[in-house]
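Geometric and topological summary
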Amino acid sequence: MVGGAQTAMQERAQRPERTSTRTCVGCATADGAEGMVRLVVAGDEVVFDLAGSAFGRGAHVHTRPDCIARAPRGLSRSFRREIRVSAPELGAALVAAADRRICGLLLAARRLRALAVGAAAAKDAIGRGAPLVVVASDAGSVASTLEVTRMIEAGSAIAWSTKGELGALLGEQSVAICAVVHPGIAEELVKTRAAADAGATTAKDGAGWNRSPEAR
Ligand SMILES: [Zn+2]
């Protein structure tokens, strides 16, 4: 019996360093951490920890609308108490967290001089191999230039925010496009944008899940 307990303890101690696998609170499937986001539960509040730096007991969820929609029930099960959050609330919280994270990533890129702001600078940066462009949703003709069209077709572009908001973030009146030169930040931006999309879908459609017979 003692031997059995010891083995269990050893297994528990070894588990974290074996892989970076996480179990999704939505679909209960173990998977690589890359396609997931971290949630932290603090009291009755559920917070998305997209930078991975928040303290507290966390859980992971796939950035897929159906997994996010199932997460409230999964969180309650995993924390062994009722976590009072609805699927649409969780979706909206993810959108807000992703927006904040994208702002932070763009500012970080600028601090590292890895952000080419405006059409002319972005065009130069694309020519020099920039891995990603961020295009304001109301960018207009800037989004249909040859360089930008190629980036969009290659999946190397994300649409985000508006010219005015992007400008306000970067201290200019209006910014329709910027190119991200830093590969790590570019990758994180793409991942975060996908998380925002999944959150938006859940915020819109999530109510359907709450009406399922199992939940009521
Ligand atoms: Zn999942």
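Residues numbered from 1 in each chain as written. Predicted model: local features only at pLDDT ≥ 70, side-chain atom pairs only at ≥ 80, totals over all residues. Heavy atoms only, no water.

**What to know about the confidence of the model for the protein chain**
Predicted confidence across the protein chain gives a mean pLDDT of 88, with 86% of residues reaching 70 or more. Across residues 13-17, where pLDDT falls below 50, the model places zero contacts with residues more than four positions away in sequence or in other chains. Considering only residues more than four positions removed or in separate chains, one finds that residues 209-216, a stretch of pLDDT under 50, has 13 contacts. (pLDDT = per-residue confidence, 0-100. Contact = heavy atoms within 4.5 Å.)

**Topic: the pattern of salt bridges**
Under the criterion given, the structure shown has five salt bridges. Note that D49 and R38 form a salt bridge whose closest N and O atoms lie 2.7 Å from each other. On the criterion of sequence distance, the pair formed by D49 in the loop between strand 4 (45-48) and strand 5 (58-62) and R38 in strand 3 (residues 36-42) is long-range, its members being eleven residues apart. The residue K123 makes a salt bridge to E147 at a minimum N-O spacing of 3.9 Å. Separated by 24 residues along the polypeptide, K123 in helix 4 (residues 119-127) and E147 in helix 5 (residues 146-153) bring together distant segments of the chain. By relative accessible area, K123 is classed as partly exposed at 46%. (Salt bridge = Lys/Arg side-chain N within 4 Å of Asp/Glu carboxyl O. Helix = DSSP H or I, 4+ residues; strand = E, 2+ residues; numbered from the N terminus. Buried < 20%, exposed > 50% of the residue type's maximum accessible area, 1.4 Å probe, protein only.)

**Digging into the coordination of the zinc ion**
The zinc ion binds to the protein through C24 (SG), C27 (SG), H62 (ND1) and C67 (SG); the donor distances cover 2.0 to 2.4 Å. Seen from the zinc ion, its four donor atoms lie at angles of 102 to 116 degrees, and the figure they make is tetrahedral. Along the chain, the residues donating to the zinc ion fall in the pattern C-x2-C-x34-H-x4-C. Note that C27 is positioned in the loop between strand 1 (21-23) and strand 2 (30-32) and H62 in strand 5, a separation of 35 residues in sequence. Of the residues examined, C27 reaches a relative accessible area of 26% and is grouped as partly exposed. (Donors = N, O, S within 2.8 Å, 3.2 Å for Na, K, Ca; no water. Tetrahedral: all angles 85-135°; square planar, octahedral: opposite > 155°, others 65-115°.)

**Some words on helix 3 (residues 87-111)**
The terminal C-alpha atoms of helix 3 lie 36 Å apart, and with 25 residues this matches the ideal 36 Å at 1.5 Å per residue to within 8%. Inspection of helix 3 places A87, L90, G91, L94, A97, A98, I102, L105, L106, A108 and A109 among the buried residues, and these make up the whole buried set. Residue R113 follows helix 3 closely and has a positive phi angle near 55 degrees. (Expected span 1.5 Å × (residues − 1).)

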